[in-house]
Amino acid sequence: MNFPNIRLRRLRNSDSMRRLVRATALSVDDLVYPLFVKNGKGIKEPIASMADCFGFSPDTVAAEATEVAGLGIPAVLLFGLPDKKDEIGSQAWAEDGAVQQAIREIKKAAPELLVITDVCLCAYTESGHCGVIKDGKVDNDATCELLARTALSHAHAGADIVAPSDMMDGRVGYIRQTLEDNGFTETAIMAYSAKYASAFYGPFRDVADCAPVCGDRKSYQMDPANSNQAMAEIEQDIAEGADIVMVKPALCFLDIIARARERFDCPIAAYNVSGEYMMLNAAAEAGLLDKEAAMMEVLYSIKRAGADIIITYFAKEAARLLK
Ligand code: PBG
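Each chain has its residues counted from 1, running along the sequence as written. Restriction of local features to residues with pLDDT of at least 70 applies here, the model being predicted, together with a cutoff of 80 or more for giving and counting side-chain atom pairs; totals for whole chains, interfaces and linings are based on all residues. The side-chain figures draw on all heavy atoms in the structure; neither hydrogens nor water molecules are used.

### Focus on the site of the ligand
Among the 17 residues in the neighbourhood of the ligand, the closest are listed as K195, R205, K248, S274 and Y313. The separation between a nitrogen atom of the ligand and a polar side-chain atom of K248 is 3.3 Å. Whenever two N or O atoms come within 3.5 Å, that pair is a polar contact, provided that in protein one can donate a hydrogen and the other can accept it, and provided that, for residues adjacent in sequence, both atoms are side-chain atoms. Separating an oxygen atom of the ligand from a side-chain N or O atom of S274 is a distance of 2.7 Å. Classification used: nonpolar for Ala, Val, Leu, Ile, Met, Phe, Trp, Tyr, Cys and Pro, charged for Asp, Glu, Lys and Arg, polar for all others including Gly. Here the residues of the shell around the ligand sort into nine nonpolar, three polar and five charged. Throughout, the term near means that a residue has one or more heavy atoms lying within 4 Å of the molecule or strand in question.

### Quick notes on the packing of aromatic side chains
Put simply, two rings from Phe, Tyr or Trp (the six-membered ring, in Trp's case) pair if the centres are within 6.5 Å, and we call them stacked under 30 degrees between planes, edge-to-face over 60, tilted for the rest. Overall, the coordinates contain 10 aromatic pairs when judged by the stated rule. Consider the rings of F54 and F56, whose centres lie 6.1 Å apart with planes at 55°: the pair is tilted. Aromatic side chains Y192 and Y271 sit 6.2 Å apart centroid to centroid with 40° between the ring planes, which places their arrangement in the tilted category. Of the two residues, Y192 is situated in strand β9 (residues 188–195) and Y271 in strand β11 (residues 268–272); the sequence distance between them amounts to 79 residues. Each member of the pair, Y192 as well as Y271, carries the same accessibility label: buried. An aromatic cluster is built from F36, F79, Y192, F204, Y271, Y277, Y313 and F314, whose rings are joined through pairwise contacts. A ring has a charge above it when a Lys NZ or an Arg CZ is no more than 6 Å from the ring centre and no more than 35 degrees off the ring normal. Lying over the aromatic face of W93, R149 brings its terminal NZ or CZ to 5.0 Å of the ring centre. Above the ring of Y271, the side-chain terminus of K248 is found at 4.7 Å from the ring centroid. Helix and strand assignments come from DSSP, with helices taken as H or I runs of at least 4 residues and strands as E runs of at least 2, each series counted from the N terminus. The buried label applies to any residue whose accessible area, calculated with a 1.4 Å probe on protein chains only, is under 20% of its type's maximum; exposed applies above 50%, and partly exposed to all values in between.

### Digging into the side chain of E233
With respect to the helices and strands, the residue E233 is situated in helix α7 (residues 228–240). The side chain of E233 sits in the buried core without any salt bridge; R171 is the nearest counter-charge, 5.2 Å away. Throughout, a residue-residue contact means that at least one pair of heavy atoms, one from each residue, lies within 4.5 Å. Among residues more than four places away in sequence, those in contact with E233 are M167, S193 and M222. For this count, His and the chain ends are skipped, Lys and Arg are scored as positive, and Asp and Glu as negative. A side-chain nitrogen of Lys or Arg and a carboxyl oxygen of Asp or Glu constitute a salt bridge if their distance falls within 4 Å.

### So, the pattern of salt bridges
Summed over all chains, the structure comprises 16 salt bridges. D30 serves as the salt-bridge partner of K303, at 3.1 Å between the closest nitrogen and oxygen. Here K303, found in helix α10 (residues 291–305), pairs with D30, found in the loop between α1 (15–21) and β1 (31–37); they are 273 residues apart in sequence, far enough to count as distant. Neither residue differs from the other here; K303 and D30 are each classed as buried. Among the salt bridges present, the one from D160 reaches K107, with a minimum N-O distance of 2.8 Å. You can see D160 sitting in the loop between α4 (140–157) and β8 (161–164) and its partner K107 sitting in helix α3 (residues 98–109), a full 53 residues away along the chain.

### Quick word on the confidence of the model for the protein chain
Overall, the prediction assigns the protein chain a mean pLDDT of 97, with 100% of residues at 70 or greater. Per-element confidence in the protein chain is highest for strand β12 (residues 309–312), whose mean pLDDT is 99, and lowest for helix α6 (residues 202–208), whose mean pLDDT is 92. The pLDDT value tells you how sure the predictor is about a given residue, anywhere from 0 up to 100.

### Structural notes on the packing of α3 against α4
For every element, the axis is a line fit to its C-alpha atoms; helices are fit only across the contacting stretch, and the angle between N-to-C directions ranges from 0 to 180 degrees. Relative to each other, α3 and α4 sit at 25°, their axes nearing to 8 Å. As far as their axial angle goes, α4 and α3 are roughly parallel. For the pair α3 and α4, the sense of crossing is right-handed. Across the interface between the two elements, V99, Q100, I103 and R104 of α3 pack against S153, H154 and A157 of α4. Grouping the amino acids of the contact of α3 with α4 by side-chain chemistry returns three nonpolar, three polar and one charged. Any angle that is under 35 degrees is reported as roughly parallel, and any over 145 degrees as roughly antiparallel; angles of 65 to 115 degrees are reported as roughly perpendicular and all others as oblique. Crossings are sorted by hand: turned counterclockwise from the far helix by less than a right angle, the near helix makes the crossing left-handed, and turned clockwise it makes it right-handed.

Here is the structure:
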């Protein structure tokens, strides 16, 4: 053995020493803050299933976005909470939809803040599925067209990045082609490429009232037991024109993030989802752990695994600590 020549503890003896040798850097630049928007005016409604999260109307979300930008966070991710649902999810691409209005308001209030939009139908369809139903099944190709229409409406409103989260085959290609055909050559696509059929979306589905009415999402979201398939999904999305790829959720899938990091050169995002967020909040609430320390440990683990971008409901709290 090399002891005592090698004493690894020498490099851990003081905060300055630990900072000097720290191999992973976490920065406010890495963070994306998700925001929920609904139609109306003057609304800032607490979300029961998610601590410190609110449903905003387009006017109040602009004020929130300004605060987010002030903390140095580079981007927000918008989710719509529509008041009307129908068979095909038509509110998803409505000109006066909550998301479309919110994009315009945010761009006026905080022009430098990047606006990313979630592109999916699940909050907008009566079935609660991420696509349209035909003969009792989610119809892949018909859904892709509606997703492209939705992404285009977001680009029209001023979105910088559209983020399809539906897991249909070929949707990135459909969206890319539609954006090109309509002159939106600068709009980036962040694809939810390796999105798993996870139990950790529980709190979010309460907010968006988007749990499938019947069946589940296993015919389109990935089986958590698979890893190679995630590489195939990511490869496919890059080939179809994705600028950024995502692994979701983050914590049970750190190995997928690490594998993707080794294999692909494009930016990788990881989504620290609602269940991961609330698991920690609930444990802290019960006095079982130190929330700030646990939060930073989680965020470092995602960064260390290889993510460039972390989408997290902790973004504001983390930004304050990282300042
Ligand atoms: C919609 C969508 C979901 C999430 C992001 N986009 C829910 C789902 O697929 O059921 C989950 C976000 C979270 O849990 O924080 N397709």
